[in-house]
Amino acid sequence: MPESNFLEDAKVTPTNLEYLRDSIRFEVEGKILVESVMIPRDPIVRLEMRSPEKKLALGELELQKGFDAYRFKKAFTIPYEQWMDASLLELQFNQGEKNLPDPDERKVLARGIITTPLMAKVGKVYPNEPIPDVGLYIPTGVAAIDMSRSRVFEVLYKPGSSKLDLTSSNVEVIENLKTFITENPSIISLRITGIQSPETSEGKNSRLGKDRADNLYQYLAESGLMMRDSLTEVKSRWNDWFDFRLLLRDYSKISTQRKDEYYSVLLSGAEFLDQAEQLKKISGFSTVSRDLFPRLRAAKIEIEAKPLPGLDQKQAMELREILDENKLGKSLDLGEWSIAGEFSPRLQDKEVIYSKMTELFRSALPYNNLAVVKMRMAQRTLDPEIKSKLWEEALGLLNQASRLETSPYVLHNQAQIMILKGNYWDAYKKLSDASILTKNEDFLKINESLRGALDIIRGDYKLATLRFDYPYTQAKDYFNKGLAYFLAKDYGNASLSFEESVIADREYGYGYYGLAMVASKNGQKEVAIIQLKKAIDTNELIYQRALIDPVFEEIRSEQAFFDIFRQNIFQN
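The rules we used
- Residues numbered from 1 in each chain as written.
- Predicted model: local features only at pLDDT ≥ 70, side-chain atom pairs only at ≥ 80, totals over all residues.
- Heavy atoms only, no water.
- Helix = DSSP H or I, 4+ residues; strand = E, 2+ residues; numbered from the N terminus.
- Expected span 1.5 Å × (residues − 1).
- Buried < 20%, exposed > 50% of the residue type's maximum accessible area, 1.4 Å probe, protein only.
- Contact = heavy atoms within 4.5 Å.
- Axes fitted to C-alpha atoms, helices over the stretch in contact; angles between N-to-C directions.
- Parallel < 35°, antiparallel > 145°, perpendicular 65-115°, else oblique.
- Left-handed = near helix turned anticlockwise from the far one by under 90°.
- Nonpolar A, V, L, I, M, F, W, Y, C, P; charged D, E, K, R; others polar.
- Pairing = 2+ DSSP bridges.
- Phe/Tyr/Trp six-rings, centres within 6.5 Å; stacked < 30°, edge-to-face > 60°.

On to helix α16 (residues 475–487), then. Taking 1.5 Å per residue as the helical rise, α16 with its 13 residues ought to reach 18 Å, and the 18 Å between its terminal C-alpha atoms agrees with that figure. Most of α16 sits out of view: 12 of its 13 residues are buried. Along α16, the positions that sit buried rather than exposed are Ala 475, Asp 477, Tyr 478, Phe 479, Asn 480, Lys 481, Gly 482, Leu 483, Ala 484, Tyr 485, Phe 486 and Leu 487. On the buried face of α16, the contacting elements are α3 (242–249), α14 (441–458), α15 (461–467), α17 (491–504) and α18 (510–521).

It is the contact of helix α12 (residues 408–420) with helix α13 (residues 424–436), at a shortest axis distance of 8 Å, that shows an interaxial angle of 165°. Judged by the inter-axis angle, α12 sits roughly antiparallel to α13. Where α12 crosses over α13, the two elements pack in a sense that is left-handed. Of α13, the residues touching α12 (which contributes Pro 408, Leu 411, His 412, Gln 414, Ala 415, Met 418 and Ile 419) are Tyr 424, Asp 426, Ala 427, Lys 430, Leu 431, Asp 433 and Ala 434. Grouping the constituent residues of the contact of α12 with α13 by class yields nine nonpolar, two polar and three charged.

Residues in a regular strand point their side chains to alternate faces of the sheet. Strand direction decides the pairing type here: strand β4 (residues 43–50) and strand β5 (residues 55–60), joined by four bridges, are antiparallel. Bridge pairing in β5 places Arg 50 opposite Lys 55. Counting the residues between successive antiparallel strands, the hairpin from β4 to β5 contains four residues.

Attention shifts here to the environment of Ala 340. Within the secondary structure, Ala 340 is located in helix α8 (residues 334–342). Ala 340 gets classed as buried once you look at its relative accessible area, which sits at 6%. For the pair Ala 340 and Thr 140, spaced 200 residues apart in the sequence, the C-alpha separation amounts to 9.8 Å.

Turning next to the sheet that holds β5. Spatially, the four strands line up as an open sheet ordered β5-β4-β8-β9, and their pairing is antiparallel. Pairing within the sheet leaves two strands with one partner each, and these edge strands are β5 and β9 (105–111). Taken over all neighbouring pairs, the strand axes of this sheet differ in orientation by 20° on average, direction set aside. In this structure, strand β8 (residues 88–95) lies alongside β9, joined through six bridges in antiparallel fashion. Among the inter-strand pairings, Glu 90 is bridged to a residue of β9, identified as Val 108.

Another aspect to go through is α12. If you check α12, its first and last C-alpha atoms are 18 Å apart, about what 13 residues at 1.5 Å a residue would give, namely 18 Å. Buried residues dominate α12, accounting for 12 of its 13 residues. The positive-phi residue at the C-terminal boundary of α12 is Gly 422, with phi of around 90°.

What the rule picks out here adds up to 19 aromatic pairs. Pairing Phe 6 with Phe 93 gives two aromatic rings, centres 4.8 Å apart and planes at 35°, and the pair type is tilted. With Phe 6 in the segment before β1 (11–13) and Phe 93 in strand β8, this pair connects stretches of sequence that are 87 residues apart. Accessibility expressed as a relative area gives 0% for Phe 93, which makes it buried. Considering the side-chain rings of Phe 26 and Phe 76, the 5.2 Å spacing of their centres and the 20° angle between planes classify their relative orientation as stacked. Residue Phe 26 is found in strand β3 (residues 23–33), and its partner Phe 76 is found in strand β7 (residues 69–79); the two are separated by 50 residues along the sequence.

This part covers unusual backbone geometry. Residue Pro 14 follows Thr 13 across a cis peptide bond; omega there is 0°. Turning to its location among the elements, Pro 14 is positioned in the loop between β1 and β2 (19–20). Phi angles above zero are rare outside glycine, and Arg 21 is one such case at about 50°. With respect to the helices, strands and loops of the structure, Arg 21 is situated in the loop between β2 and β3. Note on Arg 21: relative accessible area 33%, which makes it partly exposed. Located in the positive-phi region is Asn 239, a residue other than glycine, with phi close to 55°. Along the chain, the position of Asn 239 falls in the loop between β12 (232–236) and α3.

The interhelical angle for the contact between helix α11 (residues 384–404) and α12, taken along N-to-C directions, is 155°, at an axis separation of 10 Å. Comparing their axes, α12 and α11 come out roughly antiparallel. The element α11 and its partner α12 pack so that their crossing is left-handed. For the pair α11 and α12, the contacting residues are Trp 391, Ala 394, Leu 395, Leu 398, Asn 399, Ala 401 and Ser 402 in the first and Val 410, Asn 413, Gln 414, Ile 417 and Leu 420 in the second. By residue class, the composition of the contact of α11 with α12 is eight nonpolar, four polar and no charged.

As a further point, take the environment of Lys 421. Note on placement: Lys 421 falls in the loop between α12 and α13. For Lys 421, a relative accessible area of 40% gives the class partly exposed. Taking C-alpha positions, Lys 421 is 9.1 Å from Trp 391, a pair spaced 30 residues apart along the chain. Setting aside chain neighbours within four positions, we find Lys 421 in contact with Trp 391, Glu 392 and Leu 395.

As structure tokens, then:
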């Protein structure tokens, strides 16, 4: 047979295969030309998806013979399996013989699967990453589900000055900070960040922002508001448009279209001064800068803290006697037992307390909370049999709790176990029912965020963006929020959320990965490679994903792309 390329016109749509709602959907079409010198005899065209570990035969394609060619066209919907991430979609051609071991011709139509929605964080444990806490304890009424509270306080400075000016507005800010600390004396973290505007009066180096942060730190220390240095971070930002973008997001005096012009510049990856020149060319910039730049002459106080509830000394002694001596325990009521369980730091102690409570009280609380303990124990074991056993024990406890009370917490926890088992669809219904049963903002923040993560996996990206309208402190929540915006093709808000994920935890890695995806989509190859390098340095899972992720197909031909992986190997 003369040399030919019968599959030359074959193609797949979309050109990059994507995960969507638990499956891969695509269409293969093409034609085999009938030429005078090389007429194919009884041609056969097969489609196959294969990886180094597994292959899936997708069968023969029906050929429609015409005057000048055999034509084929077929749509496929394939249930997604994880091995497909590193697969090839290959078209194979044979001349008349069905059972030949090798095809006469092959053509790779697509490599890998874009599985970006599956990056949504839903509580699963991954190697080299912090173990996520799953499940919600029914609160005691003395404390909220998540007792920690986060606030941001902004102290403003005069142009070019690092001296704290006790204006009425700054005094009010500091008094509000004092009130917050009084109500939440257990400080988890405090970050003071000095920033400065790009105005000429603010100087041309980073000294001013650092001086502002140091000045405010000293003032708070002298005011008796500081805590251990190990929990305090003092830093500055300079030549960075991040804080300007935060202000721009909530700025109401310009249209969404005009904001998009700003974001196009701010996310371009250009140098800071070049971006400044481009911003000046946007209509109305003088008004925007007049309104927002003064708010960049500041030091920000970001604080996370919580109150100090718990049993008093006498109650703690009574509890210990009950547990140690196996007494009936009626001297403490349900609320006191609940406080003891909630604020016991170790899971083993919580397990003992809640187990005892199931004997003493006919209430959904101990059954639900003991189930949460079992779920979190399951997160910490590597043995799949033990993990599965703990999940089943937790489900049994939750079923008992649901017989005693219709509770949003029980529904949430049932949904969380379903998610960990991969049953996303039934879990979504549980989460939806849970949100209907309460208006508690702390509960809804967690429940709706998990529901939003499932919206991402289910392909409802626009809806997912609406779920994340809450203040967060954890990098994973900012990442999920950014992922929703990214998949909805709102790259401006996606970039902002991914940056917030990075600021929340620079070791988390996924925020950098998100920024790399945004840069790749925007054609910013150099920026994408820089952010990808930061991402893959954090853990092996991100490293392995980045190697095959079709999202980076456009930069995969760059030598710099492979250099960052080679450097990572040498460093390890």
